Amino acid sequence: MRYGLIINPWRNWGPVGERVAIPKQMEFEWSYLWAEVEPLTGEINIWLLPEMNKEYLKPVVERMSEYWGEKVGLVLDNSSVHKSISKSLSKSLSGKISFKFLPAYSPELNPVERFFEELRRRIANRIFNNLSELEESLLAVLEEYFADKEKVRRLCGYSWIIEQIHSQVSES
């Protein structure tokens, strides 16, 4: 998820007949949030990255099995960096991480996208002086999700994903 200083407008309620003013900011400074979600338990692992490219993402993916254990299923969209990581690591991580690519233009199938939507909503309609101030706010929101795994399960634990995970586990 890319986050930055350009305002993220979101719905805002106000009195009937009155237009609600939403602050506006147009500064082109951003970073990226990489999130790993386990839909069965609600566990999350978050990385804040300065760039979303192979150089920064490769060590993150290589360390996933240290955090999650063996046999990790990684669901990815079709971004070029995801494809690049998959190609470069599929042999070295064979048996540890299984890369699963979603069909094009289908973010609703990726459980972490629902998590990102909620994060964006929580930091919307606010102006931040700099990127570190935004990151502090983002980390405060993330603390709630680290503390409440059930909230993460409700957001990301789509029934069809849970059923698929259970069927994969019972087959092996």
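Because the structure is predicted, anything quoted here is derived from the model rather than measured.

Looking at the overall build of the protein
Across its full length, the protein holds seven helices and five strands. The N-to-C order of helical and strand elements in the protein reads β-β-β-α-α-β-α-β-α-α-α-α. Its C-alpha atoms put the protein at 60 × 35 × 30 Å along the principal axes. Considering only residue pairs separated by 6 or more positions, the protein has 65% of its internal contacts joining residues 24 or more positions apart. Carbon together with sulfur atoms contributes 51% to the accessible area of the protein, which is approximately 10700 Å² in total. Between the mean site of the 22 positive side-chain charges and the mean site of the 25 negative ones, the protein shows a separation of 4 Å.

Digging into the packing of helix α4 (residues 111–122) against helix α5 (residues 131–147)
Their axes nearest at 10 Å, the elements α4 and α5 cross at an angle of 130 degrees. In terms of axis orientation, α4 runs oblique to α5. Here the hand of the crossing between α4 and α5 comes out right-handed. The segment α4 lies against α5, with Phe 115, Glu 118, Leu 119 and Arg 122 engaging Leu 138, Val 141, Leu 142, Glu 144 and Tyr 145. Split by residue class, the contact of α4 with α5 holds six nonpolar, no polar and three charged.

Overview of a nonpolar patch on the surface
A surface patch of nonpolar side chains, amounting to about 420 Å² of accessible area, comprises Ile 6, Met 26, Phe 28 and Trp 30. Of note, Trp 30 is situated in strand β2 (residues 30–38).

Examining the layout of surface pockets
There is about 1400 Å³ of room inside the largest pocket. Those elements giving two or more residues to the lining of the largest pocket turn out to be β2, α2 (64–68), β4 (72–76), α3 (80–89), β5 (97–101), α4 and α7 (159–171). When residues of the lining of the largest pocket are assigned to their parent elements, the largest contribution, seven residues, is made by β2. Among the residues forming the lining of the largest pocket, the class breakdown is 26 nonpolar, nine polar and nine charged. Roughly 280 Å³ of internal volume is contained in the second largest pocket. If you trace the second largest pocket, you find 18 residues lining it, with Arg 2, Tyr 3, Gly 4, Ile 6 and Asn 8 closest to the centre. A per-element tally of the lining of the second largest pocket places strand β1 (residues 2–4) first, with three residues. Split into classes, the residues belonging to the lining of the second largest pocket amount to 10 nonpolar, three polar and five charged.

Quick notes on the nonpolar core
Core analysis: the largest hydrophobic core is formed by 22 residues, its most contacted members being Leu 33, Phe 115, Phe 116, Leu 119, Leu 138 and Tyr 145. Of all the secondary structure elements, the ones that give two or more residues to this core are β2, β3 (43–49), α4, α5 and α6 (149–156). If near-sequence neighbours (up to four positions away) are discounted, Leu 33 is found in contact with Met 1, Tyr 3, Ile 46, Trp 47, Leu 48, Phe 116, Leu 119, Leu 138 and Leu 142.

Some thoughts on the environment of Met 1
Checked against the element boundaries, Met 1 lands in the segment before β1. Along the backbone, Met 1 and Asn 12 are 11 residues apart, and their C-alpha atoms lie at a distance of 22 Å. Leaving out residues up to four positions away in the same chain, Met 1 has contacts with Ser 31, Tyr 32, Leu 33, Phe 116, Leu 119, Arg 120 and Leu 138.

Remarks on unusual backbone geometry
In this structure, Lys 71 takes a positive phi of about 60 degrees despite not being glycine. Along the polypeptide, Lys 71 turns up in the loop between α2 and β4. Taking relative accessible area as the criterion, Lys 71 reaches 67% and is therefore assigned exposed. Backbone geometry at Tyr 105 places phi at a positive 55 degrees, although glycine is not the residue there. Within the secondary structure layout, Tyr 105 lies in the loop between β5 and α4.

Procedures and definitions
Residues numbered from 1 in each chain as written. Predicted model: local features only at pLDDT ≥ 70, side-chain atom pairs only at ≥ 80, totals over all residues. Heavy atoms only, no water. Helix = DSSP H or I, 4+ residues; strand = E, 2+ residues; numbered from the N terminus. Contact = heavy atoms within 4.5 Å. Areas by Shrake-Rupley, 256 points an atom, 1.4 Å probe, with all protein chains shown as cover. Lys, Arg positive; Asp, Glu negative; His and termini not counted. Charge placed at Lys NZ, Arg CZ, Asp CG, Glu CD. Axes fitted to C-alpha atoms, helices over the stretch in contact; angles between N-to-C directions. Parallel < 35°, antiparallel > 145°, perpendicular 65-115°, else oblique. Left-handed = near helix turned anticlockwise from the far one by under 90°. Nonpolar A, V, L, I, M, F, W, Y, C, P; charged D, E, K, R; others polar. Patch = residues over 30% accessible without salt bridge, like charges linked within 9 Å, V, L, I, M, F, W, Y side chains within 5 Å. Salt bridge = Lys/Arg side-chain N within 4 Å of Asp/Glu carboxyl O. 1 Å grid on protein atoms, 1.4 Å probe; cavity = no way out; pocket = protein on both sides within 12 Å on 5 of 7 lines; lining within 4 Å. Points joined across faces, edges and corners; volume = space filled by probe spheres on them. Core = buried A, V, L, I, M, F, W, Y, C linked by side-chain atoms within 4.5 Å. Buried < 20%, exposed > 50% of the residue type's maximum accessible area, 1.4 Å probe, protein only.

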